[in-house]
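Spelled out, the chains give:
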Amino acid sequence: MNASKRQEIFARLQAANPEPTTELHYQNTFQLLVAVMLSAQSTDVGVNKACKGLFKKVKTPAAMLRLGEDGLKQYIKTIGLYNTKAKNVIKTCAMLVERHQGKVPDDRTALQALPGVGRKTANVILNTAFGHPTIAVDTHIFRISNRIGLAPGKTVDLVEKKLLKVIPEEYIHDAHHWLILHGRYTCIARKPRCGSCIIEDLCEYRQKTE
């Protein structure tokens, strides 16, 4: 895919959604971190439902520690892998209190040192909470990047590097959200909705649907 096509793709995505953001519900950076940790292999809808009551009660790492692992499980037991996730959230809260004065760090190395926080989660926090030009390559972004020819690659890390290299600078900050939303609602996994796609004529996918 050439540079002019990429430019036009993001120009259209921006025109359709000038201020994209995550569909996870949160009130502060700590709650965003918890929501993203819980969202692994789960839907945003499911996480939002589970966290609605939780976030009314818990707004800081210290408050989460007071709730405890068993208390947290009562809120998130509808989410997949909730036992492991609860354990990691509590360990992360302890580390935030002990090492970061209860604040979520604005630093990749520090974020990825937190239990249950990998590169993808760190990228979401850095981008959404702190405005860094990062891209968290989830299943949607990986699929779209390969399917439409935007930034093909065999691994998540390779796709991330390619995207950061080929996306025009003015679109980098919001590209993560545009691509996720496009993959979630239009360029879906089994049968992409090509007929209602605003970038269909720019896409290089050969098996287009109506």
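Scroll up to find the structure this text is about.
(A) Geometry of the overall build of the protein. Secondary structure assignment for the protein yields 10 helices and 0 strands. The helix and strand sequence of the protein, counted from the amino end, reads α-α-α-α-α-α-α-α-α-α. With the C-alpha coordinates aligned to their principal axes, the bounding extent of the protein is approximately 55 × 30 × 30 Å. Put simply, the protein has 210 residues, and 49% of those count as buried. Long-range contacts, defined as pairs at least 24 residues apart, comprise 59% of the intrachain contacts of the protein with a sequence gap of at least 6. Accessible surface, the protein as shown: approximately 10,900 Å² in total, 51% of it carbon and sulfur. The averaged location of the 19 negative side-chain charges in the protein is 8 Å from the averaged location of its 31 positive side-chain charges.

(B) Representation of helix α2 (residues 29-38) within the structure. Counting buried residues in α2 gives 9 out of 10 residues, a clear majority hidden from the surface. Among all positions in α2, only Phe30, Gln31, Leu32, Leu33, Val34, Ala35, Val36, Met37 and Leu38 are buried. Two to three positions downstream of the cap, the backbone nitrogen of Phe30 sits 3.2 Å from a side-chain oxygen, assigning the N-cap of α2 to Asn28.

(C) Region of interest: the nonpolar core. One finds Leu54, Met64 and Leu72 to be the most contacted residues of the largest nonpolar core, which totals 36 residues. Elements that contribute at least two residues to this core include exactly α2, α3 (44-57), α4 (61-76), α5 (82-100) and α7 (119-128). When residues in this core are grouped by element, the largest group, 8 residues, is from α2. Core analysis: the next-biggest nonpolar cluster, separate from the first, contains 24 residues, Ile9, Ile148, Leu163 and Ile172 among them.

(D) Local environment of the side chain of Thr121. Within the secondary structure, Thr121 sits in helix α7. The class of Thr121 is buried, set by a relative accessible area of 10%. Each residue touching Thr121, except ones within four places of it in the same chain, is listed here: Leu33, Val36 and Met37.

(E) Structural context of the pattern of salt bridges. A full pass over the atoms with the stated rule returns 7 salt bridges. A salt bridge links Arg12 to Asp201; the nearest nitrogen and oxygen atoms lie 2.6 Å apart. Of this pair, Arg12 sits in helix α1 (residues 3-16) while Asp201 sits in the segment after α10 (172-185); the two residues are 189 residues apart in sequence, bridging distant segments of the chain. Classification of Arg12 by relative accessible area gives partly exposed; the value is 23%. A salt bridge links Arg184 to Asp44; its shortest N-O distance comes to 3.1 Å. Of the two residues, Arg184 is situated in helix α10 and Asp44 in helix α3; the sequence distance between them amounts to 140 residues. Beyond isolated ion pairs, a larger network of salt bridges with shared partners links Glu8, Arg12 and Asp201.

(F) Region of the structure containing the environment of Ile90. Mapped onto the fold, Ile90 is located in helix α5. By relative accessible area, Ile90 is classed as buried at 14%. With 10 residues separating them in the primary sequence, Ile90 and His100 have C-alpha atoms 15 Å apart. Look past the residues within four positions of Ile90 in its chain and what remains in contact with it is Met64, Leu65, Gly68, Glu69 and Leu72.

(G) Spatial organisation of the layout of surface pockets. For the largest pocket, the calculated volume is near 770 Å³. Ser39, Ala40, Ser42, Asp44 and Lys120 are the residues nearest the centre of the largest pocket, which is lined by 32 residues in total. Those elements giving two or more residues to the lining of the largest pocket turn out to be α2, α3, α5, α7, α8 (139-147) and α10. The leading source of residues in the lining of the largest pocket is α10, at 6 residues. Its residues assigned to classes, the lining of the largest pocket shows 11 nonpolar, 15 polar and 6 charged.

The rules behind each value
- Residues numbered from 1 in each chain as written.
- Predicted model: local features only at pLDDT ≥ 70, side-chain atom pairs only at ≥ 80, totals over all residues.
- Heavy atoms only, no water.
- Helix = DSSP H or I, 4+ residues; strand = E, 2+ residues; numbered from the N terminus.
- Buried < 20%, exposed > 50% of the residue type's maximum accessible area, 1.4 Å probe, protein only.
- Contact = heavy atoms within 4.5 Å.
- Areas by Shrake-Rupley, 256 points an atom, 1.4 Å probe, with all protein chains shown as cover.
- Lys, Arg positive; Asp, Glu negative; His and termini not counted.
- Charge placed at Lys NZ, Arg CZ, Asp CG, Glu CD.
- Polar contact = N/O pair within 3.5 Å; in protein donor to acceptor, adjacent residues only side chain to side chain.
- Core = buried A, V, L, I, M, F, W, Y, C linked by side-chain atoms within 4.5 Å.
- Salt bridge = Lys/Arg side-chain N within 4 Å of Asp/Glu carboxyl O.
- 1 Å grid on protein atoms, 1.4 Å probe; cavity = no way out; pocket = protein on both sides within 12 Å on 5 of 7 lines; lining within 4 Å.
- Points joined across faces, edges and corners; volume = space filled by probe spheres on them.
- Nonpolar A, V, L, I, M, F, W, Y, C, P; charged D, E, K, R; others polar.

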